Amino acid sequence: MFTIGGMRGFLASSVGATCAAALTLPLALSAPAQARPQAARTDPAVPGSTQSLPLVPLSGDRSLGPAAPEQGLGRRSVRSFSLVGVVWDDPDAELRGRVQVRTRATGASRWSGWQDIETHNREHAADPDTAEGGSGRVRGSTAPLWVGDSDGVEVRVQAQVDERATAAVESPLPRGMHLELVDPGAGPAPRGALTGDGLAGAESAETYATYATNADLAPFGATELPALSRAETEREVPAARQGAPNVKPYIGERPHIVTRRGWGADENLREGGFVYTKKVNAAFVHHTASGNNYRCSQAPSVIRSIYRYHVVSSGWRDIGYNFLVDKCGNIYEGRAGGVAKPVMGAHTLGFNSDTMGIAVLGSFHNTKPSAAAVTAIARLTAWKLGLYGADPRGKTYLKSGGGNLYRKGKNVRLNVISGHRDGFATECPGRLLYGKLGSARTAAARYQGR
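In what follows, the accompanying structure is described.

The rules behind the values
Residues numbered from 1 in each chain as written. Predicted model: local features only at pLDDT ≥ 70, side-chain atom pairs only at ≥ 80, totals over all residues. Heavy atoms only, no water. Core = buried A, V, L, I, M, F, W, Y, C linked by side-chain atoms within 4.5 Å. Buried < 20%, exposed > 50% of the residue type's maximum accessible area, 1.4 Å probe, protein only. Helix = DSSP H or I, 4+ residues; strand = E, 2+ residues; numbered from the N terminus. Contact = heavy atoms within 4.5 Å. Salt bridge = Lys/Arg side-chain N within 4 Å of Asp/Glu carboxyl O. Pairing = 2+ DSSP bridges. Axes fitted to C-alpha atoms, helices over the stretch in contact; angles between N-to-C directions.

**As for the nonpolar core**
Point 1. Core analysis: the biggest nonpolar cluster contains 39 residues, and F323, I358 and W383 have the highest contact counts within it.
Point 2. For this core, the elements supplying multiple residues, two or more each, are β13 (282-287), β14 (323-325), β16 (355-360), α8 (371-387) and α10 (437-448).
Point 3. The element that contributes the greatest number of residues to this core is α8, accounting for ten residues.
Point 4. Here F323 is in contact with I257, I331, Y332, E333, G334, V339, M356, G357, I358, A359, L380 and K384, once residues within four sequence places are set aside.
Point 5. Counting 23 residues, the second largest nonpolar core, distinct from the first, contains V182, V302, I303 and Y307.

Below is the structure:
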């Protein structure tokens, strides 16, 4: 595996020379979780903001503190936000219970009904024994929930009661719970390409390095990678592969992809540098569990919010997914490092090496995914897996890094296109999206010309 340290050579190159001074964490992430102040905080130094509010006992006995079986916050007015989640100190502690929130839209007087936030325990995360997983900055977290532009909030967290016990026993809630209110900040950068010379000295080292990772595929700083024809895709394969297997290019046409610049990623927010694995043998499909109440025009804001929630609130080095897909079938670059490269994500605990994670924006336990989203999964996997010689209808062996289904070191035979639940005991990507993966495999193989 390549590591951040393995990127030092790149950072000494003509592109990376500007970057060498910036391989540090943002100040907001440098303190250990236990040092987190017990009050609202924001990060005004970057676009967007995060308000972090400590939860308190909702029972009459405030002396119970963290042992209280129900914690939350009463109705209150706050600064504008669009996405909510709950985090806690220990990433290995599970939140066994129910998390509900209701909000007030900005400028309105009525409040929403109670909405459930998926508890999401530990299933999307960096692998154990990696620098990211062992950084000391990672926190436990629920799934994020998109609520739209809001300025009022109320939350309650109720501990699970084991009704099978002789006497009702409540599971303890994790310590250090905070409500995170995320404002995604300004919209995406203006459309159009930048030149390397024009960018030097005007953008941060992280921004410059991120734009460079896709420079072989599109103009420097492009907001999108246009879709290519089959002939154009096959001509591009040698440059895109960069060390991938030299095999017959069964590969789908490259789909249209919105870059990080296109959805407005603040590159100063994430940890500097990139982490790569050797190849891409499989794709894991996820849902973000953030709800379906968004318009496709809002998808960049949803992604910026998830990015901030993963980095600032949960302590990850970057957004966890390699790609994201909205309900209209638009594909977005996720974790930084280059869309054609084997970037290591934090999407499937135990199986982040030699894989990629694709997350569809939404929740699909009881809602069918759109046909456009399923088609986007097929087109994206036909192209990206094709770069590495993988057959979307096939199976492959992956070595587990450790999780709740497979012990560390076990070789597991999985579908080349798998659902998150195939590698970890979870409901993700929701039963109705999971049920569409067979169709996605067939279509992806067809797009590859198999």
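Once the structure has been displayed, the description carries forward.
**A short note on unusual backbone geometry**
Point 1. A cis geometry characterises the amide bond from C428 onward to P429, with omega recorded as 10°.
Point 2. By secondary structure assignment, the location of P429 is in the loop between β19 (417-419) and α9 (431-434).
Point 3. Of note, the phi angle at A289 is positive, near 60°, even though the residue is not glycine.
Point 4. For A289, the location among the structural elements is in the loop between β13 and α7 (299-313).
Point 5. With relative accessibility at 8%, the residue A289 sits in the buried group.
Point 6. In this model, D354 sits at a positive phi of 60°, which is unusual for a non-glycine residue.
Point 7. Mapping D354 onto the fold places it in the loop between β15 (331-333) and β16.

**Looking at the pattern of salt bridges**
Point 1. For the structure on display, the rule yields 16 salt bridges.
Point 2. For the salt bridge of D318 with R260, the shortest nitrogen-to-oxygen distance reads 3.3 Å. Of this pair, D318 sits in the loop between α7 and β14 while R260 sits in helix α6 (residues 260-263); the two residues are 58 residues apart in sequence, bridging distant segments of the chain. Take D318 and R260: they sit in the same class, and that class is buried.
Point 3. One network of salt bridges, with partners in common, ties together R260, E267, R270 and D318.

**Side note on the sheet that holds β16**
Point 1. If you trace the seven strands from one edge of the open sheet to the other, you get β11-β12-β15-β14-β16-β13-β19, paired in mixed fashion. The sheet is open, and its two borders are formed by β11 (224-225) and β19, each paired with just one other strand.
Point 2. Summarising the sheet, β13 and β19 pair through three bridges and their orientation is parallel. By the bridge assignment for β19, V285 is matched with G419.
Point 3. The sheet contacts of α8 involve β12 (257-258), β13, β14, β15, β16 and β19, and relative to β16 the element is tilted by about 165°.

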